[in-house]
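Structure at a glance
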Amino acid sequence: MIKRTYTMVVIDDIRAVVNGISRDMDWSELGIDIVGTASSGEGGLALVKKKLPDIIVTDIRMPRLSGIEMMRELRPQLPHAKFIFISGYSDFDHAQEALRLGAFDYILKPFTPRQLAEVVKKAAEELERERQHSEELSDMQQKLRESMPLLRQEYLSLLVRFSAQPETLRRRWEFLQMDMQSSPLAVVVLEIDHFVQKSEEIPVNDAELLRFAVQNIVEETVLRMAKGTLFRESVHRFVLIVNTGDGASALGIAEECRENAERYSKCTVSAGVSRTVQELDELPVAYQQAVEALTYTFYTGGNSVFFWEHITQRPEVLPRPDADLEKELVYALRSGNAGQAEKLLLMLLETAGKTEALPSPDSAKALCVELAALIRNAVPELPGSPELPELMKALTSPRAVLSDLRESLKQLCKLSCAQVQSRLQFSAQEAIQAAIRYIREHLHLNLLVGDYAAHVHLSTSYFSNLFKKVTGLSVGAFVIQEKMEQAKLLLAGDRPIAEIAESLGYEERSYFSDVFKKTTGMTPTEFRAAYGPRQGNG
């Protein structure tokens, strides 16, 4: 709904159009006040500069000074004014250009009074929305500047941290005219989830407005449910001291604050809730309970509420992980089996966490650090990895939650297995290259696959599979290939074929000839004739 009157001028080089718009239409019904008209671009420019209207209705094409030129000159002075252009079909391209330059809208000739009224109405509504937004922003910034009086902020901050005589606390409470009872009380510590990371990605002013929005939501929520006082403790944490009783529980208030923050702001909050205390001097204990309860968001990652009395039965120390599973994890890591290693890691985390109540976050973090040490010690090559420092930083970050630690441990397993695979691949290449050298040096011997495997200290079956994986040939096929290549070189000389056969481990020349022909397509004699030494004619 439009709550105020907006001013408008009409500019067109056809006087009948100006009169028709300004005189023949009832603009007061729309909350529009015609403050002037002009029949030329120059006159319109002077009129607008004098009247500073909210809405300018102008012909897009006029002699000497067009509507677009006029808008370009006026825009710096009137950045929020709404330009509405009157355009003929032949000027459609100009109208499109006007929109690109920031015009509000255009209307094509011929048009009806109703059509023009609709466009002007939309412009007025847009002005109204902008005005309301500006006022709301101004109100928010005003509240932000005023915030909570420094004296009360300091008093409340000291109240939850340090003990004092009950009578002294009560006198100060009354002197500051706290808008709540001094008993019964509970403490709720609320934290904006992941705010530190978010604040690094947005402007400082936006971060401050986000904090203020959350504070405003919490204050309004508490106001509807009970008496309470909220103050900011750090860049992302608030402390709420609230009266309980009469159907209002601190846990219920905290849950309502969490739900409203998620619904009405661009972030979520988590909360820790203390038990109810009866005296002001008990607030430091209640505050510590709320802080301790808040640490349990380690398990949820945020957007959650924990009540101190629900965590008091927690185990102080997690049971030791299954030793057999730990051994299997080490074996999987040392063999480079990433899939099995990750599976065993998750099993260790699950079995260690099978307790009736959630263990303390510190205990769970300690387990993750122990598992990280186990993984590092299982793979001697890992400390040289350039990715390791970032992973260890993530594992020891004070802001890390359980899901972060689980993911970092999984990445550590993958990195370890990759390092092992790289080492195994390098070792395999070295072993096969050593075997190839040995084969070439002993072509005159009819050795078995097991002889070559023994030379590089591998089992026969593993060596055979590894050899074929690296070279693409079986050991036997490779030996024959090497022998035939050596035979070609020797046949290019003048040594007898029988002697060549014997030097390559063939006792019978006929068998050597069969193998050579099968490999090259020629007998040794034919090969020598084609590629051997040429006899001179004397």
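Quick note: structure is the one above.
As a starting point, this report considers the structure included with it. (Residues numbered from 1 in each chain as written. Predicted model: local features only at pLDDT ≥ 70, side-chain atom pairs only at ≥ 80, totals over all residues. Heavy atoms only, no water.)

**Regarding the overall build of the chain**
Heads up, the condition is: Numbering of helices and strands runs from the N terminus; a helix is a DSSP stretch of H or I covering at least four residues, while a strand is a stretch of E covering at least two. We take the radius of gyration over the C-alpha atoms and set the globule estimate at 2.2 Å times the residue count to the 0.38 power. The buried label goes to any residue with under 20% of its type's maximum accessible area, the exposed label to any with over 50%, and the partly exposed label to all in between, with areas taken from a 1.4 Å probe on protein chains only. Note on areas: these come from Shrake-Rupley sampling with a 1.4 Å probe, and a residue is covered only by the protein chains present in the view. When charges are counted, neither His nor the chain ends are considered; positive counts come from Lys and Arg and negative counts from Asp and Glu. Charge positions come from single atoms, namely NZ of Lys, CZ of Arg, CG of Asp or CD of Glu.
Across its full length, the chain carries 23 helices and 10 strands. Over its C-alpha trace the chain gives a radius of gyration of 43 Å, far above what one expects of a compact globule, namely 24 Å for 538 residues. Dimensions of the chain along its principal axes, counting C-alpha atoms only, are 125 × 85 × 30 Å. Taken over 538 residues, the chain has a buried fraction of 43%. For the chain, the computed accessible surface area is about 29,200 Å², with 51% contributed by carbon and sulfur atoms. With 62 positive and 74 negative side-chain charges, the chain shows a separation of 3 Å between the mean positions of the two kinds.

**Let's talk about the packing of helix α22 (residues 509–520) against helix α23 (residues 524–531)**
Put simply, the test is: Every axis corresponds to a line fitted to the C-alpha atoms, with the helix fit spanning only the stretch in contact, and the corresponding angles, defined between N-to-C directions, vary from 0 to 180 degrees. Whether two residues are in contact is decided by their heavy atoms, any of which lying within 4.5 Å being enough. Each residue is assigned to one class: nonpolar for Ala, Val, Leu, Ile, Met, Phe, Trp, Tyr, Cys and Pro, charged for Asp, Glu, Lys and Arg, and polar for all the others, Gly among them.
α23 packs onto α22 with a crossing angle of 65° between their chain directions and a minimal axis gap of 9 Å. Residue-level contacts link Arg-509, Phe-512, Ser-513 and Phe-516 of α22 to Pro-524, Thr-525 and Phe-527 of α23. Split by residue class, the contact of α22 with α23 holds four nonpolar, two polar and one charged.

**Re the side chain of Arg-258**
Looking at where Arg-258 falls in the secondary structure, it is placed in helix α10 (residues 250–264). You can call Arg-258 buried: its relative accessible area is 14%. If near-sequence neighbours (up to four positions away) are discounted, Arg-258 is found in contact with Val-269, Asn-303, Ser-304 and Val-305.

**Structural notes on unusual backbone geometry**
Pro-110 follows Lys-109 through a cis peptide bond whose omega is -10°. Locating Pro-110 in the fold gives a position in the loop between β5 (105–108) and α5 (113–146). In this structure, Pro-184 follows Ser-183 across a cis peptide bond, with omega equal to -10°. Backbone geometry places Asn-303, a non-glycine residue, at a positive phi of 55°. Note on placement: Asn-303 falls in the loop between α11 (283–294) and β10 (305–307). A residue is classified by how much of its surface remains accessible, and Asn-303, at 24% relative accessible area, is partly exposed. In this model, His-457 sits at a positive phi of 60°, which is unusual for a non-glycine residue.

**Some details on the side chain of Ser-270**
What counts is decided by this rule: Definition of a polar contact: a pair of N or O atoms within 3.5 Å, with one able to donate and the other able to accept a hydrogen when the atoms are protein atoms, and with sequence-neighbouring residues admitted only if both atoms are side-chain atoms.
Locating Ser-270 in the fold gives a position in strand β9 (residues 269–273). Side-chain polar atoms of Ser-270 contact the backbone nitrogen of Asn-303, separated by 2.9 Å. Within the structure, the side chain of Ser-270 is placed 3.4 Å from the backbone nitrogen of Ser-304, a separation counted as a polar contact. Residues contacting Ser-270, with those up to four places away along its chain left out, are Val-189, Leu-190, Glu-191, Asp-193, Leu-294, Thr-297, Gly-302, Asn-303 and Ser-304.

**A closer look at the nonpolar core**
Short version of the rule: Here, the term nonpolar core denotes a set of buried Ala, Val, Leu, Ile, Met, Phe, Trp, Tyr and Cys residues that are joined through side-chain atoms within 4.5 Å.
Grouped together as the largest cluster of nonpolar side chains are 37 residues, with contacts concentrated most on Leu-333 and Leu-409. Breaking this core down by element, the ones donating at least two residues are α13 (323–335), α14 (338–352), α15 (361–378), α16 (388–395) and α17 (402–441). In terms of residue count, α17 provides more of this core than any other element does, eight residues in total. Among residues more than four places away in sequence, those in contact with Leu-409 are Leu-345, Leu-349, Cys-368, Leu-371, Ala-372, Ile-375 and Leu-395. Judged by nonpolar contacts, the second largest core, of 31 residues, contains Ala-435, Ala-487, Ile-497 and Ile-500.

**Considering the sheet that holds strand β2 (residues 32–38)**
Stated formally: A pair of strands is considered paired only if DSSP assigns at least 2 bridges between the two.
If you walk across this open sheet you meet the five strands as β2-β1-β3-β4-β5, and the pairing is parallel. Each of the sheet's edge strands pairs with one partner strand only, and the pair in question is β2 and β5. When strand polarity is set aside, the average angle formed by the axes of neighbouring strands in this sheet is 20°. For strand β1 (residues 6–11) and β2, the ladder comprises six bridges, and the chain directions are parallel. Bridged to Met-8 within β2 is Ile-34. The strands that helix α2 (residues 41–51) touches are β1, β2 and β3 (55–59); relative to β2, the one it contacts most, it runs at about 140°. Across the sheet, helix α3 (residues 67–74) is in contact with β1, β3 and β4 (82–87); its angle to β4 comes to roughly 170°.

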